[in-house]
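Here is what each chain is made of, one letter per residue.
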Amino acid sequence: MLMDRFARRFTYLRLSLTENCNFRCDYCLPDGPDCTSRQAELSVPEIRRLVTAFAALGTRKVRLTGGEPCLRKDLLEVIQTVKAVPGIEEVAITTNGYRLQRDLPAWREAGVDAINVSVDSLDPSTFHLITGQNRLPAILDGIDQAIDLGIPKVKVNSVLLKGYNGGALPDFLEYIRNRRVSLRFIELMRTNDNVPYYQRHHISGQSIKDQLLFEGWQQCSKAKTAGPAQEFWHPDYQGKLGLIMPYSRDFCDDCNRLRVSSLGQLFLCLFTEHHQDLRHYLQSDDTTPLQAALQQFVLSKKATHGLHAQESGATRHLAMIGG
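Colleague: Can you explain the overall build of the protein chain? Please cite residues and give values.
Modeller: Along the backbone of the protein chain there are 9 helices and 12 strands. Relative to the compact-globule value of 20 Å for 323 residues, the protein chain shows a C-alpha radius of gyration of 19 Å, a close match. Considered along the principal axes of its C-alpha atoms, the protein chain spans approximately 50 × 45 × 40 Å. At a minimum sequence separation of 6, the contacts of the protein chain that also span at least 24 residues come to 71%. As displayed, the protein chain has an accessible area near 13900 Å², and 49% of this comes from carbon and sulfur atoms. In the protein chain, 38 side chains carry a positive charge and 36 a negative one; their mean positions are 3 Å apart.

Colleague: For the nonpolar core, give the residues involved together with the corresponding values.
Modeller: Core analysis: the largest hydrophobic core is formed by 97 residues, its most contacted members being Leu15, Leu64, Trp107, Ile115, Ile143 and Leu241. Broken down by element, the residue count for this core peaks at 7 residues, all from helix 1 (residues 44-56). Contact partners of Leu64, with chain neighbours within four places excluded, come to Leu15, Leu17, Pro69, Leu75, Val78, Ile79, Val82, Val91, Ala92, Ile93 and Thr94.

Colleague: Run through the pairing of strand 9 (residues 240-244), naming residues and quoting values.
Modeller: Taking burial as the measure, the 5 residues of strand 9 include 4 buried ones, the bulk of the element. Note that strand 6 (residues 182-186) and strand 9 share 5 bridges and pair parallel. For Arg184, the partnering residue across the bridge sits in strand 9 and is Gly242. Pairing between strand 8 (residues 230-233) and strand 9: 3 bridges, direction antiparallel. Across the sheet, residue Gln230 finds its bridge partner in strand 9, namely Leu243. The antiparallel pairing of strand 8 with strand 9 creates a hairpin that spans 6 residues between the two strands.

Colleague: Lay out the sheet that holds strand 9 in plain terms, naming residues and giving numbers.
Modeller: Taking strand neighbours across the sheet as the criterion, the 12 strands line up as 7-8-9-6-5-4-3-2-1-10-11-12 in an open arrangement whose pairing is mixed. What marks the edges here is a single partner per strand, and that holds for strand 7 (218-219) and strand 12 (276-277). Here 5 bridges tie strand 1 (residues 12-16) to strand 2 (residues 61-65), and the two strands are oriented parallel to one another. When the sheet's bridge partners are listed, Leu13 is paired in strand 2 with Val62.

Colleague: Tell me about helix 9 (residues 288-297), and please be specific about residues and values.
Modeller: Leu290, Gln291, Ala293, Leu294 and Phe297 are the residues of helix 9 that are buried. Summarising the axial view, the buried residues of helix 9 lie within an arc of 165 degrees, below the 170-degree limit, and thus occupy one face. For helix 9, the exposed residues lying more than 90 degrees away from the buried face are Thr288 and Gln296. Buried residues belonging to helix 9 abut helix 1, strand 11 (265-267) and strand 12.

Colleague: Requested: an account of the side chain of Glu41, with residues and values cited.
Modeller: Tracing the backbone shows Glu41 in the loop between strand 1 and helix 1. Note on Glu41: relative accessible area 14%, which makes it buried. Side-chain polar atoms of Glu41 contact the side chain of Thr18, separated by 2.6 Å.

Reading the values: rules and limits
- Residues numbered from 1 in each chain as written.
- Predicted model: local features only at pLDDT ≥ 70, side-chain atom pairs only at ≥ 80, totals over all residues.
- Heavy atoms only, no water.
- Helix = DSSP H or I, 4+ residues; strand = E, 2+ residues; numbered from the N terminus.
- Rg over C-alpha atoms; globule rule 2.2 N^0.38 Å.
- Contact = heavy atoms within 4.5 Å.
- Areas by Shrake-Rupley, 256 points an atom, 1.4 Å probe, with all protein chains shown as cover.
- Lys, Arg positive; Asp, Glu negative; His and termini not counted.
- Charge placed at Lys NZ, Arg CZ, Asp CG, Glu CD.
- Core = buried A, V, L, I, M, F, W, Y, C linked by side-chain atoms within 4.5 Å.
- Buried < 20%, exposed > 50% of the residue type's maximum accessible area, 1.4 Å probe, protein only.
- Pairing = 2+ DSSP bridges.
- Arc of directions from axis to C-beta.
- Polar contact = N/O pair within 3.5 Å; in protein donor to acceptor, adjacent residues only side chain to side chain.

Here you go:
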């Protein structure tokens, strides 16, 4: 098993397939991506070797992220390859939903077990203001298709933003009243390129948690391969609501995930100052050296991130390693 000095076991790999994205979200890539890294994106054989090494060390869940993963022309092959690795029990994908209507059946057939779709507002004009896109109706239709297709886990991600969607909780709750989806509110996180934006728009998730508990929502227990969300359920709602609050106390105590960028760089934390280059380990089908290296690398993982000290590490923006 991959285990660090604090007895945290890492069963969850978040693998970025590209830094490229076709949305221009205010909080992430308002000026568009730097595409200079695209030529060096991990190939399918490299991805297979990487995931094989992680699976041999106890990883059971792989989330394919970006940027926007659907911009990879070989995405179906990537999904099939990851799904076929012995030991991998769940393949998830996080997407902005741009191609959800068109490609979802193929993703499901290729092996996707879970899907997260970013929807920062249910109001079309606000959605356009945040993302630069007018695709909200099509994206919402794609989410309904995912439910109808029977994908086991369908989640909707929404970054909390003061001045945009900070007062939209009633609308989001109504959205999940009769839908079997898990809505995730994510606190805006400070990165190296968004400090003024963060200061203007950050909302603490604690206020929403307090409101949910007051209104009768109850906290769910967390699965071993689950992400960092605190999830809540209510008998009057088919959907659930989760809160990802990186500034909350003890947020890092049960960390179970590691991140690898589209360039093959291992990030022990979303906000680490350093990364380890794994690319040279991925040129051979013998994954033993990579497994040994991973076991050593995780021993240097810190107990917690540095966000409380306003330290964002080397993370330039969230598209860099998929958030």
